[in-house]
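The primary structure of each chain is shown beneath.
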Amino acid sequence: MTPENAQDTDSKDLSTLSVLNTVIQIENIKTESNDRVLEIKEFNPTVNKGIYIMGENQHSVSQYVLSVEKGGKVEDIEVFAKCITNNEKAIIEQEAYRRCTEAEIPSLELLCSIPTHLGTFNITRTENYLIPYSRLKIYSIEQYQSMLDNGLLAIDQIHQIGIQHRDTLTRNLAVLSNKTFVSLIFDFETALLSPKGVPLTHKQKTQDRETFFQSLFFQLVKQNPNDKELIRLAEEIKF
């Protein structure tokens, strides 16, 4: 999923909202913290402060507002809703988010999942300070080195809890603009999860690290095609 800042007022698919709310009422959907989900509502850019998103990787990603009953009060939460048509992949992503939460590793916060005939909607809390690496302009070798180091650290953290991401392109890693040097990974539907307590192999870890390394270098070259010195310096960096 990719944040967008464009003030685009494309209407949401109301039939999708209808399907989601029907399931919410029939199935008595609960959040991960066991709060009752009341309804899911259209995101209103004139009222809600969240960011606009668009889907990637053939997935439908939308932004909505989730109403939940929490401690006897109704709370509205701005959320990402990603529809994954492959139920097995949807479950893998849910488990990956849960592992990150349990280990206190920065990622998106899974609130709930809503299975429908359209696919499974994984609902995560909107992170308003999220800036994907793919949206960052690389302007110096120092910045490039910092992005590389922080991205690899984030990848190493999920490896420690048995998650091989398998799609560590720069669009799936992000920084938080309000927390210096904090990087996080999201979009786990293509991940491979090892049984808890079983470490990933060296090959699995290397694949994730190399994918990110190559993606970040490609981004640098694409953004700075005429900066021969910057490209040369980046080529000399190993990990």
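Data block above holds the structure.
Residues numbered from 1 in each chain as written. Predicted model: local features only at pLDDT ≥ 70, side-chain atom pairs only at ≥ 80, totals over all residues. Heavy atoms only, no water.

A. Summary view of the side chain of K82. By secondary structure assignment, the location of K82 is in strand β5 (residues 73-84). Here D187 takes part through its side chain, which lies 3.0 Å from a polar atom of the side chain of K82. Side-chain polar atoms of K82 contact the side chain of E189, separated by 2.7 Å. (Helix = DSSP H or I, 4+ residues; strand = E, 2+ residues; numbered from the N terminus. Polar contact = N/O pair within 3.5 Å; in protein donor to acceptor, adjacent residues only side chain to side chain.)

B. A look at the nonpolar core. Counting residues in hydrophobic clusters, the biggest one holds 37 residues, and the most contacted among them are Y144, F188, F212 and L216. Contributing elements (two or more residues each) for this core: α2 (87-103), α3 (141-159), β10 (173-176), β11 (179-185), α4 (202-223) and α5 (228-235). If one sorts the elements of this core by residue count, α3 sits on top with eight residues. Here F188 is in contact with I92, E93, A96, Y97, C100, S107, I158, I163 and H165, once residues within four sequence places are set aside. Counting 19 residues, the second largest nonpolar core, distinct from the first, contains V23, I29, Y64 and V79. (Core = buried A, V, L, I, M, F, W, Y, C linked by side-chain atoms within 4.5 Å. Buried < 20%, exposed > 50% of the residue type's maximum accessible area, 1.4 Å probe, protein only. Contact = heavy atoms within 4.5 Å.)

C. Broad picture of the packing of aromatic side chains. Tallied over the full model, the rule gives two aromatic pairs. Residues Y97 and F188 carry aromatic rings whose centres are separated by 5.2 Å and whose planes lie at 85° to one another, so their mutual orientation is edge-to-face. Linking Y97 in helix α2 with F188 in the loop between β11 and β12 (192-193), this pair joins segments that are 91 residues apart in sequence. Looking at Y97, the relative accessible area reads 1%, which means it is buried. Between Y133 and F212, the ring centres sit 5.7 Å apart and the planes meet at 65°, which makes this aromatic pair edge-to-face. With a gap of 79 residues between them, Y133 in the loop between β8 (130-132) and α3 and F212 in helix α4 connect regions that are remote in the sequence. Each member of the pair, Y133 together with F212, is buried. (Phe/Tyr/Trp six-rings, centres within 6.5 Å; stacked < 30°, edge-to-face > 60°.)

D. The arrangement of the sheet that holds strand β4 (residues 60-70) in detail. With antiparallel pairing, five strands are arranged side by side in an open sheet as β2-β4-β5-β7-β6. Each end of this open sheet is capped by a strand with a single partner; those strands are β2 (36-42) and β6 (110-116). The average undirected angle you get between the axes of adjacent strands in this sheet is 35°. Across six bridges, β6 lies against strand β7 (residues 119-125) in antiparallel orientation. Opposite L110, over in β7, you have T124 as the bridge partner. Sitting on the sheet, α2 is in contact with β5, β6 and β7, with an inclination near 20° to β7. (Pairing = 2+ DSSP bridges. Axes fitted to C-alpha atoms, helices over the stretch in contact; angles between N-to-C directions.)

E. Geometry of the pairing of β5. As paired strands, β4 and β5 are joined by 11 bridges and run antiparallel to one another. Bridge assignment links Y64 to a residue of β5, and that residue is V79. What sits between the antiparallel neighbours β4 and β5 is a turn of two residues, in which G71 has the positive phi angle 60°.

F. Local environment of the side chain of S215. Relative to the helices and strands, S215 resides in helix α4. Within the structure, S215 has its side chain in polar contact with the backbone nitrogen of T170 (distance 3.1 Å). Those residues within four positions of S215 in sequence are excluded, and the remaining contacts are L169 and T170.

G. Region of interest: the pairing of β10. By the alternation rule, side chains of β10 split into L173 and V175 and A174 and L176, which are all buried. Two strands pair when backbone bridges link them, and β8 and β10 are joined in this way by three bridges, in the antiparallel orientation. Bridging across to β10, I131 finds its partner in V175.

H. Region of interest: the packing of α4 against α5. Direction vectors running N to C along α4 and α5 enclose 170°, while the axes themselves pass 10 Å from each other. It follows from the interaxial angle that α4 and α5 lie roughly antiparallel. On α5, the residues that touch F217, L220 and V221 of α4 are L230, I231, A234 and E235. Across the contact of α4 with α5, the residue classes tally to six nonpolar, no polar and one charged. (Parallel < 35°, antiparallel > 145°, perpendicular 65-115°, else oblique. Nonpolar A, V, L, I, M, F, W, Y, C, P; charged D, E, K, R; others polar.)

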